[in-house]
Amino acid sequence: MEATLFTLPSSKFPPPASTAVSLKTHFHNPLLLHSTTTSHRKPNRVPLTIRSAISRTKKEETIETVKEQLQDCYLIAGIKYQGFTVQQFQQLRTTLPETTKLIVAKNTLVLKAIEGTPWEALKPCMKGMNAWMFVHSEEIPAAIKPYRTFQKEKKLEENDFSGAVFEGKYYPPEEFKALETMPTRAEVYANLLGSLKGPATSVVGTLQAPARNLIMTLKAYVKKLEEESGAEQ
């Protein structure tokens, strides 16, 4: 039997162009096809309408959160937030009393939430980035002091209070001393009882005190009488 010898075409004589086209046409490489298709595939994108709806929902949730914090709130203070690290912010939250809540929210959303309320006086400090402190206690100095301590320890001189509202009045940073030195409830009781038990001149001195201190004293005394009356019933 004679053997037939098959030889490959010489590189000097490449196959006709028509043959090359035919091979490409009839012998597809599925892996190559998949790779080519994948490389040109456009990434999935969330439609603009859906993204807008999500953004709007988050804004509405933030506004509602702020409105909830306004209930039974005695003081709202802004803290300059720019430059804070996430770790510092988390540490700060752990130092605050349970009656004090700290929220980061855009000025525009906070302004929307306080619109038409006595807290609208907070407008002057709606600049830059702020963290918002909501104090749900009459003990104002006790709520402010932890941040002052934290600010000093972490050397956050630039992150001062941007302003606050207490009893409808706006307090700029330079007037925070009045809030930080405000008498506590126990001190108000002591001063009031001391005045009532002391000579008439003590009572006169109490009545001649600044109007704000007098109002706080009277409020505390009325509340004490109501609590005692309720306990007797």
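Located above this text is the structure these notes cover.
Residues numbered from 1 in each chain as written. Predicted model: local features only at pLDDT ≥ 70, side-chain atom pairs only at ≥ 80, totals over all residues. Heavy atoms only, no water.

With respect to the element layout, Asn130 can be found in strand β3 (residues 130-135). Separated by 3.2 Å, the side chains of Asn130 and Asn107 make a polar contact. Aside from chain neighbours lying at most four places away, what touches Asn130 is Gly78, Ile79, Lys80, Tyr81, Val104, Ala105, Asn107, Cys125 and Ser162. (Helix = DSSP H or I, 4+ residues; strand = E, 2+ residues; numbered from the N terminus. Polar contact = N/O pair within 3.5 Å; in protein donor to acceptor, adjacent residues only side chain to side chain. Contact = heavy atoms within 4.5 Å.)

On to a negative patch on the surface. Taken together, the side chains of Glu60, Glu61, Glu64 and Glu68 make up a negatively charged region of the molecular surface. Along the polypeptide, Glu68 turns up in helix α3 (residues 48-70). (Patch = residues over 30% accessible without salt bridge, like charges linked within 9 Å, V, L, I, M, F, W, Y side chains within 5 Å. Areas by Shrake-Rupley, 256 points an atom, 1.4 Å probe, with all protein chains shown as cover. Salt bridge = Lys/Arg side-chain N within 4 Å of Asp/Glu carboxyl O. Lys, Arg positive; Asp, Glu negative; His and termini not counted. Charge placed at Lys NZ, Arg CZ, Asp CG, Glu CD.)

With respect to the helices and strands, Asn159 occurs in the loop between α6 (140-153) and β4 (161-166). A polar contact of 2.7 Å, which involves the side chain of Asn159, links it to the backbone oxygen of Lys80. Other than its neighbours up to four places away in sequence, Asn159 contacts Ile79, Lys80, Tyr81, Gln82, Phe84, Tyr147 and Gln151.

Given a rise of 1.5 Å per residue, 14 residues ought to cover 20 Å, and the 21 Å separating the end C-alpha atoms of α6 matches this to within 8%. Of all the residues in α6, the buried ones are Ile140, Pro141, Ala143, Ile144, Pro146, Tyr147, Phe150 and Gln151. In the core, the buried residues of α6 are packed alongside β1 (75-80), α4 (86-95), β2 (100-104), β3, β4 and α7 (176-180). Positive phi appears at Lys155, one or two residues downstream of α6, with a value of about 55°. (Expected span 1.5 Å × (residues − 1). Buried < 20%, exposed > 50% of the residue type's maximum accessible area, 1.4 Å probe, protein only.)

Turning to the sheet that holds β3, a few remarks are in order. Spatial ordering of the open sheet is given by β2-β3-β1-β4-β5, a layout of five strands whose pairing is antiparallel. Since the sheet does not close on itself, it has two edges, and those belong to β2 and β5 (169-171), each with one partner. Averaged over all pairs of adjacent strands, the angle between strand axes in this sheet comes to 20°, irrespective of strand direction. (Pairing = 2+ DSSP bridges. Axes fitted to C-alpha atoms, helices over the stretch in contact; angles between N-to-C directions.)

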